[in-house]
Amino acid sequence: MNCYLCGSTNYQILPGKVRDNNSLNIIECEDCHLVYLSGQEHISEEHYKNSGMHGNTLPSIQEWLIETQVDDDRRIEFLKNTIRGKDILDFGCGNGGFLIKAKEVSSNCYGVELEKRLQDHFSSNGLTVFPDLENALTSGQKFDVITSFHVLEHLSDPSEIMAKLALLLKPNGKMIFEIPSATDVLLRLYESKEFSEFTYWSQHLYLFNANNLVKLVDKAGLKIHWIKQVQRYPLSNHLHWLSKGKPGGHIHWSFLNSEELNRAYEASLASIGMCDTLLFSVYR
């Protein structure tokens, strides 16, 4: 089995399991440390078009918007000055929560989303969302900023998609991606067995770290501007995993949550490269 990034055949099988597919192993390249699944046959474009990412129980769109609201608010707060008055595209826009907020500050706002059941929802919220990347590429539109949140890890050839997205950039345009990190502290330092049997998912074909991201972007013929460590889940969540072996600590133990504590915890994890999320900017 050759590593997607560096071609190495040296790998190890990581502890843990893929929570929804026991036939898959979690592999780590011993040279570049890309983490990937032992197979990808279960994923196709039709899978995502037909809401396959959600499994057998589809959330209502309104429930889904509530679930993503904290992330949507965080992203718009961080990027509002970057996208203000700009033409933007959100690739893999999901329920459109970020786009609904971005519409208020950007000049023109577009999305790309495969999941077919969402098109009426987009229309009712005044959003223009292409049904796939090819439609975006043939639209004649160009963008100042392209965003993509937690999408690259779902793609069998993420560098190829990045290269295609770059064709949609205006001169001096940029792309901003957010992905889960392979060096999450619950895995690499705290070594939570329960978390390692929960976090790996058959929909996540790859997990990158801050170092091998450079290889991914280089493979696409692009350049990295910056990489930022982001902690989506607070200390309360991690303490709950370590004590109870279950998710939801940020809800069940919300009395531990405070803006000051969360910022300090994120800074501490960022200093050792073990936040749960990576945010990075790319240009041509």
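Note that the structure is a prediction, hence the values are computed from the model and not measured.

Student: How should I be thinking about the overall build of the protein chain in this particular structure?
Tutor: Along its length, the protein chain carries 12 helices and 11 strands. Its C-alpha atoms give the protein chain a radius of gyration of 19 Å, within 12% of the compact-globule value 19 Å for 284 residues. Dimensions of the protein chain along its principal axes, counting C-alpha atoms only, are 50 × 45 × 40 Å. Out of the 284 residues belonging to the protein chain, those deemed buried represent 50%. In the form shown here, the protein chain has an accessible surface area of approximately 13600 Å², with 48% of it arising from carbon and sulfur atoms. Separation of charge centres in the protein chain, based on 27 positive and 35 negative side chains, amounts to 4 Å.

Student: In this structure, what is going on with the environment of Ala 166? I would like to understand it.
Tutor: Checked against the element boundaries, Ala 166 lands in helix 6 (residues 158-166). Classification of Ala 166 by relative accessible area gives buried; the value is 4%. Sequence separation of Ala 166 and Ala 220 is 54 residues, and the distance between their C-alpha atoms is 9.1 Å. Discounting residues that sit within four places of it in the chain, Ala 166 has contacts with Met 175, Leu 222 and Arg 284.

Student: I tried to follow helix 9 (residues 212-219) on my own but got confused; where do I start?
Tutor: Along an α-helix, a turn takes 3.6 residues, which lines up residues three or four apart on a common side. Taken together, the buried positions of helix 9 are occupied by Asn 212, Leu 213, Leu 216 and Val 217. One side of helix 9 holds all its buried residues, which, seen down the axis, span an arc of 150°. Those residues of helix 9 that are buried are in contact with helix 6, strand 8 (169-180), strand 10 (223-230) and strand 11 (277-283). Phi for Gly 221, located one or two positions after helix 9, is positive at around 75°.

Student: How should I be thinking about the packing of helix 6 against helix 9 in this particular structure?
Tutor: A packed helix pair is summarised by two numbers, namely the angle formed by the two axes and the spacing between the axes. Where helix 6 contacts helix 9, the axes come no closer than 8 Å and their chain directions differ by 55°. By the angle between their directions, the pair helix 6 and helix 9 is classed as oblique. The element helix 6 and its partner helix 9 pack so that their crossing is right-handed. Judged by residue contacts, Pro 158, Ser 159 and Met 162 of helix 6 engage Leu 216, Val 217 and Lys 219 from helix 9. A per-class count over the contact of helix 6 with helix 9 returns four nonpolar, one polar and one charged.

Student: How do you make sense of the pattern of salt bridges when you look at a structure like this?
Tutor: Should their charged atoms come close, side chains of opposite charge can pair. Evaluation of the coordinates by the stated rule reveals 15 salt bridges. Here Glu 178 makes a salt bridge to Arg 75, at a shortest N to O gap of 2.7 Å. In this pair, Glu 178 is assigned in strand 8 and Arg 75 in helix 2 (residues 61-83), connecting sequence segments 103 residues apart. With a relative accessible area of 10%, Arg 75 lands in the buried category. Among the charged side chains, a network of salt bridges with common partners joins Asp 71, Arg 74, Arg 75, Glu 178 and Arg 232.

Student: I keep staring at a nonpolar patch on the surface and nothing clicks. Help me out?
Tutor: Nonpolar side chains collect at one region of the surface, where Met 1, Tyr 11 and Ile 13 lie side by side and expose about 290 Å² of accessible area between them. Among the structural elements, Ile 13 can be located in strand 1 (residues 11-13).

Parameters at a glance
- Residues numbered from 1 in each chain as written.
- Predicted model: local features only at pLDDT ≥ 70, side-chain atom pairs only at ≥ 80, totals over all residues.
- Heavy atoms only, no water.
- Helix = DSSP H or I, 4+ residues; strand = E, 2+ residues; numbered from the N terminus.
- Rg over C-alpha atoms; globule rule 2.2 N^0.38 Å.
- Buried < 20%, exposed > 50% of the residue type's maximum accessible area, 1.4 Å probe, protein only.
- Areas by Shrake-Rupley, 256 points an atom, 1.4 Å probe, with all protein chains shown as cover.
- Lys, Arg positive; Asp, Glu negative; His and termini not counted.
- Charge placed at Lys NZ, Arg CZ, Asp CG, Glu CD.
- Contact = heavy atoms within 4.5 Å.
- Arc of directions from axis to C-beta.
- Axes fitted to C-alpha atoms, helices over the stretch in contact; angles between N-to-C directions.
- Parallel < 35°, antiparallel > 145°, perpendicular 65-115°, else oblique.
- Left-handed = near helix turned anticlockwise from the far one by under 90°.
- Nonpolar A, V, L, I, M, F, W, Y, C, P; charged D, E, K, R; others polar.
- Salt bridge = Lys/Arg side-chain N within 4 Å of Asp/Glu carboxyl O.
- Patch = residues over 30% accessible without salt bridge, like charges linked within 9 Å, V, L, I, M, F, W, Y side chains within 5 Å.

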